[in-house]
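Summary of structural features
Residues per chain, in single letters:
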Amino acid sequence: MKENKLAGLSMDFAVDILKVCDDIKGHYSIVNQLERSATSIGANIREAKYAHSKADFISKLQISLKECYETEYWLELMQRAEILSDVSKIMHNCGVIRKLLISSINTAKQNIDK
């Protein structure tokens, strides 16, 4: 099931982000924002598992998707500001999670009337 894959990928992604952030000196507010958005992806995926309704499930996944886009923003900013040198692997992993979230949201929306 995609949600289980999403849960695992998002946990691995959050751990990778935390490890990357450990090596950054200074820029504490940006690092904090990156850590918060990246870890929120998985937290909301986990919350979706116990949603009260399909609408709540979709809402939690949409929040995860928003956090995914925000995380991509912080990563791109840090790369452009030369705070991080190579974010290609992390950006790729974030993109995989984003695509799975979009797919899961679309599937859930299609099944909402069934």
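See above for the structure.
Notes on the structure follow.

Conventions used here
Residues numbered from 1 in each chain as written. Predicted model: local features only at pLDDT ≥ 70, side-chain atom pairs only at ≥ 80, totals over all residues. Heavy atoms only, no water. Axes fitted to C-alpha atoms, helices over the stretch in contact; angles between N-to-C directions. Helix = DSSP H or I, 4+ residues; strand = E, 2+ residues; numbered from the N terminus. Parallel < 35°, antiparallel > 145°, perpendicular 65-115°, else oblique. Left-handed = near helix turned anticlockwise from the far one by under 90°. Nonpolar A, V, L, I, M, F, W, Y, C, P; charged D, E, K, R; others polar.

**What to know about the packing of helix 3 (residues 54-80) against helix 4 (residues 88-111)**
The contact between helix 3 and helix 4 brings their axes to 9 Å, and the two run at 160 degrees. As judged from the angle between their axes, helix 3 and helix 4 are roughly antiparallel. The way helix 3 lies across helix 4 gives a crossing that is left-handed. Of the residues belonging to the contact of helix 3 with helix 4, the class tally is 15 nonpolar, six polar and four charged.

**Overview of unusual backbone geometry**
Positive phi, close to 55 degrees, is recorded for His27, a residue that is not glycine. The residue His27 is located in the loop between helix 1 (2-22) and helix 2 (28-48) in this model. Of note in the backbone geometry, Glu82 takes a positive phi value of approximately 60 degrees without being a glycine. If you trace the backbone, Glu82 turns up in the loop between helix 3 and helix 4.

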